[in-house]
Structure formats: C-alpha cells, structure tokens
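# Commentary on secondary and tertiary structure
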Number of protein chains: 2
Amino acid sequence: MTTRSGHSSALDWPDVAALLRRRNLRLTPQRRAVVAALSEFEGHVTATQLVERCTARDPHFVPSTVYRTLDLLQDLGLITHIHDADGHEEFQPAQEAPHAHLICRACGATREISGDELGDFVGQIHRRHHFDVDVSHLAIFGRCEVCGQS
Amino acid sequence: MTTRSGHSSALDWPDVAALLRRRNLRLTPQRRAVVAALSEFEGHVTATQLVERCTARDPHFVPSTVYRTLDLLQDLGLITHIHDADGHEEFQPAQEAPHAHLICRACGATREISGDELGDFVGQIHRRHHFDVDVSHLAIFGRCEVCGQS
DNA sequence: ATAGATGCAAAACCTTTGCAATCGC
DNA sequence: GCGATTGCAAAGGTTTTGCATCTAT
C-alpha cells in the first residue's frame, strides 16, 4: 500500500520502467514526458492539461500519444481517474493515500479530505447496502465556506 | 420541498406551464415531448437517450432542441443532473426527495439511497470543512453486493 | 404582431482509430 | 531486426452556435 522509495506524492519513477520492462513495453521519450507532466501537476490533472503541456514542450507531440499513455498507465495501475464537476476525467497517481474530494459548485475549488475521515460513512453504507465504497473516486459536490453565504 | 399534486416521481406537469408563462416562455410541442420523455424514463436519463426517443417519434426533432430544453428545465429548477461512471450527464427531476447514488464499477448497477441516510455524513463534513454537501449530486462509486466477491 | 423557438447546418470539442514510418530493446 | 510506438490524419460522438424561418401567445 505504501511506496518503497522516499517521496510519496509523485509517480514512482523506477516503478514505471520496471513495469514496462516486465511487459515488454518500451520507455519512450514521450512516455517520460507524460509521466513528468503528470507529476508536475501533482494532484488532479485533465488529459487536456497534459496535452497542452506536452505539446508546448515538443510541437511534434500529438494528443493521441497522451491518451494512449494514460490508458497504459491506468492498465499498469499507476494512475486512476475521477470525474470533475463537468464530467471530465481527472487523473491522479494511484499510490496516493485514499482521499475524496470536496468540489464547490460555485467557484470550482476542490479540496481533499482524507479517506480516514470517511470511515464511518463507508462502514454505514457497507452495513446497510452491502456496498463497498471506492473512496478515491468519491467526488462530493456542494458549496464551500466562501461561497456558502452568497 | 414536497410536490403539491399526488404523484411524486415524475415531473410536475402543471408547474412547467406555470413557470414558463411566468417568464414569458412558450410551451411548445417539442418541450412537451422532452418533458414527456423525461418522465417516462423516470429516474436518470442521458441526453442521448432523450435525443433518441424524441427523434424516434418525430424525425424532424433535432438534438439541439433537446439540449436547449434541458438547459431551460435546469434554469427553471425542474431538473438537475449528475455524472455517471463515464462522466456523462444524467438528468433527473429535481423535486424528487434528495438522494444519492451507489454505482457499481463492475456491473454498472445503480441504486438510490435516501438523503436522510447521509445526515451524519453531511453534518460531519460541514463541521470539519465548512462545506455544504449537495446530496442529490453525490455519486458514490464502488462495488455492489453481487460484484463484491469476484 | 412579435418575441421566442425551432430546424438546419456547421463548428467546436474531446477522444479514438488505422496505418505507414520510426525507434527502443 | 523485430515488434512496440509514434505521428499524422481522419473519423467518431456529443454538445454548441448562428441564422433564417416559423409559431405560440
């Protein structure tokens, strides 16, 4: 559940290479670029954001490569995705501690809350509905403190 | 919070006409058709589903009319939408009792849970994060009873 | 009559796909 | 060298938009 190396928030670099090799897949400059961009945003990134950043750095970079790489990284279990307020995919490193998101409908601000905080909630849903909540994919919409009054 | 007329699940027909009139907007056959389709599906409908049904009945019906009508109905506060597992919008009558959705990642089954059940959860989030949870838009992903074991 | 709605067609947007050329292993 | 991967270009699907025409009121 925890990463072996020191830093935890970004993608674990060595693991990517290892997992690729194990599957006879290749570590190309483009894949490096996507992983790099992914860890720069450190948190929740849109495919579009990744495309922008990658093409900004290398004009030859094409969107399809980003999408294919994201699919691959998901297959490898290195990233996951949730859907933001507009229904667009947001990607994030999979090895982050489980957490959910509070998303303000008014200003769009997002805030993380730890999975632990949701323990009671998860337990209750399981007890009453026999349903295992996937906390990492929980997007909770509403109004934040700032926008609450207006 | 409750509807005045008897049946509760479908869109409240008279209200639509009243709200439209109040804004000097018009009750066209197309809008009737969208509302009708909306209440037939009774629950969560995709824009695409509505487009299909409406065009099936009237070949002249165009998608843009459905989208424009859905926007309008949301403005009027008659419907709301959430995002399904694929990030696509699903519309539903707004006057339904507040409820959230349990969505199984494995089989796609959705199940409603009443807003009341989430009272503690909502309260806790509010207390700790000063965030007002919009229960009706809460999509809870995970694994249902059936798929949980596999 | 007149403001509001529709139909149509085009565009915008994001994502996927087929295929030849390329490049990591 | 072989097979995976890329770039390109085209297609896909959904949603939006402008505008002339039409219609509910």
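This report concerns the structure included in the present document. Bear in mind the structure is a predicted one, so any value in this text is a computation, not a measurement. (Residues numbered from 1 in each chain as written. Chains lettered and ligands numbered in written order. Predicted model: local features only at pLDDT ≥ 70, side-chain atom pairs only at ≥ 80, totals over all residues. Heavy atoms only, no water.)

The phi angle of most residues is negative, glycine excepted, and most peptide bonds adopt the trans form. All names here are of chain A. Positive phi outside glycine occurs at His130, with the angle close to 55 degrees. Its place among the elements puts His130 in the loop between helix H5 (119-129) and strand E6 (132-133). The class for His130 is partly exposed, based on a relative accessible area of 41%. (Helix = DSSP H or I, 4+ residues; strand = E, 2+ residues; numbered from the N terminus. Buried < 20%, exposed > 50% of the residue type's maximum accessible area, 1.4 Å probe, protein only.)

Take the sheet that holds strand E1 (residues 45-46) of chain A next. Residues and elements named next belong to chain A. Strands sit in the order E1-E3-E2 across an open sheet of 3 strands; the sheet is antiparallel. The sheet is open, and its two borders are formed by E1 and strand E2 (79-83), each paired with just one other strand. Pairing between E2 and strand E3 (residues 89-93): 5 bridges, direction antiparallel. Along E3, the bridge assignment pairs His81 with Phe91. Along the sheet, helix H4 (residues 63-75) contacts E2 and E3; its crossing angle with E2, the most-contacted strand, is approximately 110 degrees. (Pairing = 2+ DSSP bridges. Contact = heavy atoms within 4.5 Å. Axes fitted to C-alpha atoms, helices over the stretch in contact; angles between N-to-C directions.)

Next up on the list: the protein's contact with DNA strand C. Surrounding DNA strand C, one finds 18 residues, the nearest of these being Arg26 and Tyr67 of chain A together with Leu25, Arg26 and Gln30 of chain B. Taking the atoms of DNA strand C that fall within 4 Å of the protein, sugar and phosphate contribute 64% of them. One nitrogen or oxygen atom from the side chain of Gln30 of chain B is found 2.8 Å from a sugar or linking oxygen belonging to DNA strand C. Breaking the surface near DNA strand C down by element, the ones donating at least two residues are helix H3 (47-57) and H4 of chain A together with helix H2 (29-41) and helix H4 (63-75) of chain B. Here the residues of the surface near DNA strand C sort into 5 nonpolar, 8 polar and 5 charged. (Near = heavy atom within 4 Å. Polar contact = N/O pair within 3.5 Å; in protein donor to acceptor, adjacent residues only side chain to side chain. Nonpolar A, V, L, I, M, F, W, Y, C, P; charged D, E, K, R; others polar.)

With that out of the way, let us pick up the pattern of salt bridges. Counted according to the given criterion, the structure contains 6 salt bridges over all chains. Note that Arg128 of chain A is salt-bridged to Glu117 of chain B, the shortest N-O span being 3.3 Å. One end of the pair, Arg128 of chain A, is in helix H5; the other, Glu117 of chain B, is in the loop between strand E5 (110-114) and helix H5 (119-129), on a second chain. One salt bridge in this structure joins Arg53 of chain B and Glu40 of chain B, with 2.6 Å as the shortest N-O distance. Of this pair, Arg53 of chain B sits in helix H3 (residues 47-57) while Glu40 of chain B sits in helix H2, placing them 13 residues apart in sequence. Taken together, the salt bridges that share partners define one network made up of Glu40, Arg53 and Arg57 of chain A. (Salt bridge = Lys/Arg side-chain N within 4 Å of Asp/Glu carboxyl O.)

Time to look at the relation of the copies chain A and chain B. Mapping between the two chain copies consists of a rotation about an axis together with a translation along that axis. Note on the identical chains: chain A maps onto chain B by a rotation of 180 degrees and an axial translation of 0.1 Å, with an RMSD of 0.3 Å. Taken together, the rotation angle and the small translation identify this as a two-fold axis. No C-alpha of chain A lies nearer the rotation axis than that of Gly87 of chain A, which sits 2.0 Å from it. The share of interface residues of chain A whose copies in chain B are also at the interface is 100%, consistent with both copies meeting through the same surface. (Least-squares fit on C-alpha atoms with pLDDT ≥ 70 in both.)

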